[in-house]
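Take a look at the letters that make up each chain.
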Amino acid sequence: MKEKLKRHWQKLAVGVLTILLVFASLQIYDLSENIKNLKTYYSNQYNSLNENINEIYNNVDEKLKEQASLLSLVNCEYGEFNSETNKVSVTLKVIPKVITDDMELSTQIGENTVNFVRKGNEFIAECDVDIFAFGEDYPMLNIKAGNEIKTELLEAVEVYNLRYNYIPTVYSSCSISTGFSEGKLKLDGSYDVWLESPDGDSDIDFNKMYIIFELNGKEIQRTEVKDSLSENSYYGSVNQTLKFKKGDRLSLYALVEDIDGYTIKREITEYSLSDDEFVEELYSSEGGEVIAKNGKVLYQQ
């Protein structure tokens, strides 16, 4: 009788402990979820606070720049683009905070010195800028009053690397496997070529597009793309075998003739053979050229 009662109480104790363990597990789970939620909340609050602080710093920097600036107005307007000269007309307008009767303003754009003409309180300069002119800096404004010359960088004025605003940009990527055996190079895979309009959104009109293979600088295959592009992109495949030896260089690139007469060359990939007969890919994602109607290379990278 005592043994039965003992076993009964043992089972009851086990049941109670089991219920307590389940309850404790649920409590622990709830606590862990609360901790995760709190971590997420405080992380979001921290990021939001950082963004607010950065915004405050940026606003302060802008205000300090405005206060330190010698100018109360800087404006730059672009006119018509001439594809024959590769130039676009640019009109600069500035208003100094302090103006004197003998004040003279000028700036340097490329190798040319551009002088401003005063009209009331405004100083205006007009010039033609080559869209292929390369530069990393903004133009520097020179303000001369008497014997004193002050300068200010015109950070609101863009006069270099303007080609992206007027002609399409061509990009490429590829996924091509290679193999070499008995003097032959085998290529198998695919590639993509896509065009981006100057505004980044509209469809691109172009005259012709070719996919070209070159071996040691000599064209060995040219295929015209006659299919209409889907969202300004073209997908192509490669599956061929050709003779190849040490010292050879095989190039695959796209050639796009746009409606303004520019030819845009874009590398897709390039291969060579190492001394141990290993196929090396020499593709550069930045490679490309823009060529004028007369064959002159206007831009190369």
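The model shown is predicted, which means the values in this text are computed figures rather than measured ones.

Draft legend 1. Representation of the overall build of the protein chain. Along the protein chain, the regular secondary structure elements total one helix and 18 strands. Here the C-alpha atoms of the protein chain give a radius of gyration of 34 Å, more than 25% beyond the 19 Å that 2.2 N^0.38 yields for 301 residues. Based on the C-alpha atoms only, the size of the protein chain along its principal axes is roughly 120 × 75 × 40 Å. Out of the 301 residues in the protein chain, the part that is buried amounts to 31%. A separation of at least 24 residues holds for 57% of the contacts in the protein chain among residues at least 6 apart in sequence. Carbon and sulfur atoms make up 49% of the accessible area of the protein chain, which totals about 20000 Å². Across the protein chain, 31 positive and 51 negative side-chain charges occur, with their mean positions spaced 11 Å apart.

Draft legend 2. How the structure looks around the sheet that holds strand E8 (residues 148-153). As summarised here, the arrangement of the four strands in space is E4-E3-E7-E8, forming an open sheet in which the pairing is antiparallel. Of all strands in the sheet, those with a lone pairing partner are strand E4 (112-115) and E8, marking the two edges. Taking the axes of each pair of neighbouring strands and ignoring which way they run, one obtains an average angle of 25 degrees across the sheet. Two strands pair when backbone bridges link them, and strand E3 (residues 104-109) and strand E7 (residues 140-145) are joined in this way by four bridges, in the antiparallel orientation. Looking at the pairing, serine 106 lines up with asparagine 142 of E7.

The rules behind each value
Residues numbered from 1 in each chain as written. Predicted model: local features only at pLDDT ≥ 70, side-chain atom pairs only at ≥ 80, totals over all residues. Heavy atoms only, no water. Helix = DSSP H or I, 4+ residues; strand = E, 2+ residues; numbered from the N terminus. Rg over C-alpha atoms; globule rule 2.2 N^0.38 Å. Buried < 20%, exposed > 50% of the residue type's maximum accessible area, 1.4 Å probe, protein only. Contact = heavy atoms within 4.5 Å. Areas by Shrake-Rupley, 256 points an atom, 1.4 Å probe, with all protein chains shown as cover. Lys, Arg positive; Asp, Glu negative; His and termini not counted. Charge placed at Lys NZ, Arg CZ, Asp CG, Glu CD. Pairing = 2+ DSSP bridges. Axes fitted to C-alpha atoms, helices over the stretch in contact; angles between N-to-C directions.

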